[in-house]
Amino acid sequence: MESTYQVSGMTCGHCVNSVSTELGALPGVTDVQVDLATGRVTVSSQQPLDADAVRAAVDEAGYDLVGA
């Protein structure tokens, strides 16, 4: 299953790595693709992800999840 999120505040490769690492650590996540130019993050997972867990992971990376 794939879910796409909008993340604000990312400006560089380090930002992409931070968000990818935090989201990739969530249970069931199999892949994370970050588009720095648009701020879109696509997460592939084995089951639906809890929105609060996604928000917490993005927050832990130091960024904001928009509209979720």
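The structure we're discussing is the one just above.
Residues numbered from 1 in each chain as written. Predicted model: local features only at pLDDT ≥ 70, side-chain atom pairs only at ≥ 80, totals over all residues. Heavy atoms only, no water.

Engineer: Any chance you could explain the pairing of strand E2 (residues 29-35) here in plain terms?
Structural biologist: With six bridges connecting them, E2 and strand E3 (residues 40-45) associate as antiparallel partners. What sits directly across from Val-34, in E3, is Val-41. (Pairing = 2+ DSSP bridges. Helix = DSSP H or I, 4+ residues; strand = E, 2+ residues; numbered from the N terminus.)

Engineer: Can you walk me through the environment of Tyr-63 in this structure?
Structural biologist: Residue placement: Tyr-63 occurs in the loop between helix H2 (51-61) and strand E4 (64-66). C-alpha separation for the pair Tyr-63 and Met-1, spaced 62 residues apart in sequence, amounts to 24 Å.

Engineer: Any chance you could explain the sheet that holds E2 here in plain terms?
Structural biologist: Pairing between sheet strands relies on hydrogen bonds along the backbone, with the strands arranged either parallel or antiparallel. The antiparallel open sheet is built from four strands, whose spatial order is E2-E3-E1-E4. The sheet is open, and its two edges are formed by E2 and E4, each paired on a single side. Strand-to-strand twist of the sheet, defined as the mean angle between neighbouring strand axes without regard to direction, takes the value 35°. Relative to E3, strand E1 (residues 2-8) runs antiparallel, the two sharing five bridges. (Axes fitted to C-alpha atoms, helices over the stretch in contact; angles between N-to-C directions.)

Engineer: Just to check I follow, could you spell out helix H1 (residues 13-24) for this structure?
Structural biologist: Structural remark: α-helix, 3.6 residues per turn; residues separated by three or four positions point the same way. Across its twelve residues, H1 extends 16 Å between first and last C-alpha, which sits within 8% of the 16 Å expected from 1.5 Å per residue. Buried residues of H1: Cys-15, Val-16, Ser-18, Val-19 and Leu-23, and no others. Along the long axis of H1, the arc covered by the buried residues comes to 165°, so they all point the same way. Along H1, the residues that are exposed and aim more than 90 degrees away from the buried face are His-14, Asn-17 and Thr-21. In this fold, the buried residues of H1 make contact with E2, E3 and H2. (Expected span 1.5 Å × (residues − 1). Buried < 20%, exposed > 50% of the residue type's maximum accessible area, 1.4 Å probe, protein only. Arc of directions from axis to C-beta. Contact = heavy atoms within 4.5 Å.)

Engineer: What exactly am I supposed to notice about the state of the cysteines here?
Structural biologist: Simply put, disulfide is the name for a covalent bond between the sulfur atoms of two cysteines. Applying the stated criterion to the full structure yields zero disulfides. Left without a disulfide partner, Cys-12 is nearest to the cysteine sulfur of Cys-15, which lies 3.5 Å away. For Cys-12, a relative accessible area of 31% gives the class partly exposed. (Disulfide = S-S within 2.5 Å.)

Engineer: Mind showing me how you'd approach the packing of H1 against H2 here?
Structural biologist: Helix-helix packing: each pair is described by the crossing angle between the helix axes and the interaxial distance. The geometry of H1 relative to H2 is characterised by a closest axis approach of 8 Å and an angle of 145° between their N-to-C directions. For the element pair H1 and H2, the recorded crossing hand is right-handed. Residue-level inspection shows Ser-18, Val-19, Glu-22 and Leu-23 of H1 in contact with H2, the latter providing Val-54, Ala-57, Val-58, Glu-60 and Ala-61. The residue makeup of the contact of H1 with H2, split by class, is six nonpolar, one polar and two charged. (Left-handed = near helix turned anticlockwise from the far one by under 90°. Nonpolar A, V, L, I, M, F, W, Y, C, P; charged D, E, K, R; others polar.)

Purely spatial values, then, with no claim about function.
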